[in-house]
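Chain and residue survey
Here is how the chains run, residue by residue.
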Amino acid sequence: MFNWQVTATTVHCESADDEVTIMVYRDGSVKCTGYQKYHKSAKNSKAPVKGTGCTGPDCPSAMQYREKLLAEQAKAKGQP
């Protein structure tokens, strides 16, 4: 799909209330460090934990970054 292995960006995630890194792999799959960090914490704790609203790779920030990359890739392919 892409000419690269992985690309990443760091953004402030509202759900995690922290900085997270979103990684998009060449096959289009997405991973987020916020999900890895806060989703697990929320499962193991009865107290409210920041990031409990984390939706993982389907979050709007991750999807927006992935779509941006797809658009850039399509634009690059359209150029001679």
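Definitions and cut-offs
Residues numbered from 1 in each chain as written. Predicted model: local features only at pLDDT ≥ 70, side-chain atom pairs only at ≥ 80, totals over all residues. Heavy atoms only, no water. Salt bridge = Lys/Arg side-chain N within 4 Å of Asp/Glu carboxyl O. Helix = DSSP H or I, 4+ residues; strand = E, 2+ residues; numbered from the N terminus. Buried < 20%, exposed > 50% of the residue type's maximum accessible area, 1.4 Å probe, protein only. Polar contact = N/O pair within 3.5 Å; in protein donor to acceptor, adjacent residues only side chain to side chain. pLDDT = per-residue confidence, 0-100. Core = buried A, V, L, I, M, F, W, Y, C linked by side-chain atoms within 4.5 Å.

1. Re the pattern of salt bridges
Under the defined criterion, the tally for this structure stands at two salt bridges. The salt bridge involving Arg66 is made with Glu67; its shortest N-O contact spans 3.1 Å. Note that Glu72 and Lys68 form a salt bridge whose closest N and O atoms lie 3.8 Å from each other. Residue Glu72 and its partner Lys68 are located together in helix α2 (residues 60-78), separated by four residues, close to a single helical turn. Residue Glu72 is classed as partly exposed on the basis of its relative accessible area of 42%. Here Lys68 falls in the partly exposed class, since its relative accessible area comes to 46%.

2. Considering the side chain of Arg66
Relative to the helices and strands, Arg66 is located in helix α2. Of note is the side chain of Arg66, whose polar atom sits 2.7 Å from the backbone oxygen of Gly28.

3. What to know about the environment of Asp58
Its place among the elements puts Asp58 in the loop between α1 (33-43) and α2. Judged by relative accessible area, which is 64%, Asp58 ranks as exposed. Once the C-alpha coordinates of Asp58 and Cys32 are considered, the two residues, 26 residues apart in sequence, prove to be 9.6 Å apart.

4. Describing the confidence of the model for the protein chain
Detailed conclusions should not be drawn from predicted coordinates in areas where pLDDT is low. Across the protein chain, the average pLDDT comes to 78, with 76% of residues at or above 70. Mean pLDDT across the elements of the protein chain bottoms out in α1 (69) and peaks in strand β1 (residues 6-13) (91).

5. Some points on the nonpolar core
Counting 12 residues, the largest nonpolar core is built from Cys13, Ala16, Val20, Ile22, Val24, Val30, Cys32, Tyr38, Cys59, Ala62, Tyr65 and Leu69. Within the residue set of this core, elements represented by two or more residues are β2 (18-25), β3 (30-32) and α2.

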